Amino acid sequence: MPNRNQNSSQPSPSKSEMDDLLLRLALTERKLSLTSQKLETRNKELSAIYRLSETIGSERQINRLCERTAEEIRRTLSVDTVCILLLDEQSGDLVTATALQGAIVGGYHPRVKAGDGLLWQAMKTGKPLHLPGSAAEKQFTGIQAGQAGIAIPIRTRGRTLGVIYACGKKNGQEFSTRERDMLSGISNQAAFALDNATLYHDLENLFVGIAWSFASALDAKSPWTAGHSKRVTQYSVAIAEELGQTTEFVNSIQTCGLLHDIGKIAISEKILDKPGAITKQERLAIAEHASQGAKILEHIDNFQPLLPGIRHHHERWDGRGFPDKLYEVEIPLMARVLAVADSYDAMTSDRPYRQRRNRVEAIAEIERCSGSQFDPEIVEAFIEVVGNKMF
């Protein structure tokens with residue numbers, strides 16, 4: 001009886017068949033390795049673009065947006081120098097918004113004249129451009145002058161906003177097609193964010209213009225208060241900067257300073273310009289201007305962050321102010337700053353019922369009221385500002 005195992009056994013593969021199998025395995029392994037590398041590279045690209053979108057998606061300050069974009073490019077592409085230049089619509093020049101690692105465009109001035117050089121060519125054509133070291137040396141000075149680089153236009157909605165320039169790869173190699181595509185992806189994200197920031201900036205300028213118009217209308221209402229809102233704005237901005245507040249806060253208090261007395265539009269000139277003592281009823285009418293001002297602006301979305309400063313700029317640190325008798329840090333910071341600036345300008349301006357105090361007397365009164373009417377920290381910042389003779 002034949003052995004079942006012998007009948008079911010297969011002949012061993014020949015040496016050539018084994019060699020062919022090993023070759024196919026090696027090729028498959030190589031393909032898997034290349035695919036893995038491509039996936040890793042692609043993941044790196046997507047991670048960079050995602051990080052950038054997370055970082056700059058809500059950024060409204062153009063300079064900070066450019067700085068963060070440049071930092072991400074430097075990190076992702078392992079380059080020494082990144083420079084972002086934005087188009088100046090009026091002159092047509094490319095102006096440096098940020099430059100990492102000390103690169104300076106044009107030698108002494110951080111701009112590229114319209115029509116000058118390869119960077120401007122990349123901006124005009126809207127296409128990526130590799131710059132050989134000799135070309136880069138003509139346009140740049142600094143640490144990486146003379147190294148080959150790449151220029152990527154920043155484009156959105158058919159418009160070119162500027163150019164991203166990178167050079168000085170740490171591995172000493174030139175930029176690959178994949179790296180160019182990666183930089184283009186980052187550029188697209190930056191373009192979208194820059195476009196949004198520009199629109200936001202334009203809208204912000206519109207509302208600041210409206211605020212200036214309101215302030216001018218209020219100033220025209222009474223010769224005794226002419227220029228008051230603008231001076232209070234100047235003082236408030238100086239105090240906020242001395243306190244080390246953010247750019248957003250400084251911008252907000254600038255607009256709030258212009259609008260802080262907008263409620264006085266509803267007060268009769270007979271009361272505002274009255275030369276003698278005012279009655280209790282008239283005093284109550286004047287006291288209403290802070291809350292009235294907030295009501296006038298409450299339906300305008302862009303003015304919402306300013307309403308606490310407008311409503312509460314007559315609150316007192318000791319809780320005896322109006323309209324809500326807020327106490328110490330219950331009072332919004334913007335209102336605490338405005339309170340000092342407003343009082344200083346009121347004391348140093350003529351009124352129909354009294355003459356102005358001189359600068360020294362007004363400063364002394366502000367100091368005397370520190371801890372009662374005013375936040376001591378704000379007073380300290382105010383004293384530092386006036387000590388530097390800023391106003």
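Refer to the structure above for everything that follows.
Quick caveat, the model's predicted, so the values are computed rather than measured.

Trainee: I'm lost on a nonpolar patch on the surface in this one. Help?
Mentor: Together, Met 18, Leu 21, Leu 22 and Leu 25 line one region of the surface with nonpolar side chains, adding up to about 360 Å² of accessible area. Turning to its location among the elements, Met 18 is positioned in helix H2 (residues 15-56). A residue is classified by how much of its surface remains accessible, and Met 18, at 37% relative accessible area, is partly exposed.

Trainee: How do you make sense of the sheet that holds strand S7 (residues 149-156) when you look at a structure like this?
Mentor: Each strand in a sheet pairs with its neighbour through backbone hydrogen bonds, running either in the same direction (parallel) or in the opposite one (antiparallel). Pairing is antiparallel across the open sheet formed by 6 strands, whose spatial order is S4-S2-S1-S8-S7-S5. Each end of this open sheet is capped by a strand with a single partner; those strands are strand S4 (111-112) and strand S5 (129-131). Sheet strands in contact with helix H4 (residues 117-125) are strand S1 (79-87), strand S2 (94-100), S4, S5, S7 and strand S8 (159-169), and its direction is about 135 degrees off that of S8. Helix H6 (residues 177-221) rests against S1, S5, S7 and S8 of the sheet, and its axis sits at about 35 degrees to S7.

Trainee: Mind showing me how you'd approach the side chain of Glu 179 here?
Mentor: Tracing the backbone through its elements, the reader meets Glu 179 in helix H6. Looking at Glu 179, the relative accessible area reads 16%, which means it is buried. For Glu 179, the side chain forms a polar contact with the main-chain nitrogen of Ser 176, separated by 2.9 Å. The contacts of Glu 179, once residues within four sequence positions are left out, are Leu 77, Lys 169 and Glu 174.

Trainee: I'm lost on unusual backbone geometry in this one. Help?
Mentor: It is generally the case that most residues other than glycine have a negative phi and that most peptide bonds are trans. Here the bond from Phe 322 into Pro 323 is cis, since omega is 10 degrees, no more than 30 degrees from zero. Along the chain, Pro 323 falls in the loop between helix H12 (307-311) and helix H13 (333-347). At Glu 328, a position not held by glycine, the phi torsion is positive, near 50 degrees. In this structure, Glu 328 sits in the loop between H12 and H13. Looking at Glu 328, the relative accessible area reads 27%, which means it is partly exposed.

Thresholds, definitions, all that
- Residues numbered from 1 in each chain as written.
- Predicted model: local features only at pLDDT ≥ 70, side-chain atom pairs only at ≥ 80, totals over all residues.
- Heavy atoms only, no water.
- Patch = residues over 30% accessible without salt bridge, like charges linked within 9 Å, V, L, I, M, F, W, Y side chains within 5 Å.
- Areas by Shrake-Rupley, 256 points an atom, 1.4 Å probe, with all protein chains shown as cover.
- Salt bridge = Lys/Arg side-chain N within 4 Å of Asp/Glu carboxyl O.
- Helix = DSSP H or I, 4+ residues; strand = E, 2+ residues; numbered from the N terminus.
- Buried < 20%, exposed > 50% of the residue type's maximum accessible area, 1.4 Å probe, protein only.
- Pairing = 2+ DSSP bridges.
- Contact = heavy atoms within 4.5 Å.
- Axes fitted to C-alpha atoms, helices over the stretch in contact; angles between N-to-C directions.
- Polar contact = N/O pair within 3.5 Å; in protein donor to acceptor, adjacent residues only side chain to side chain.

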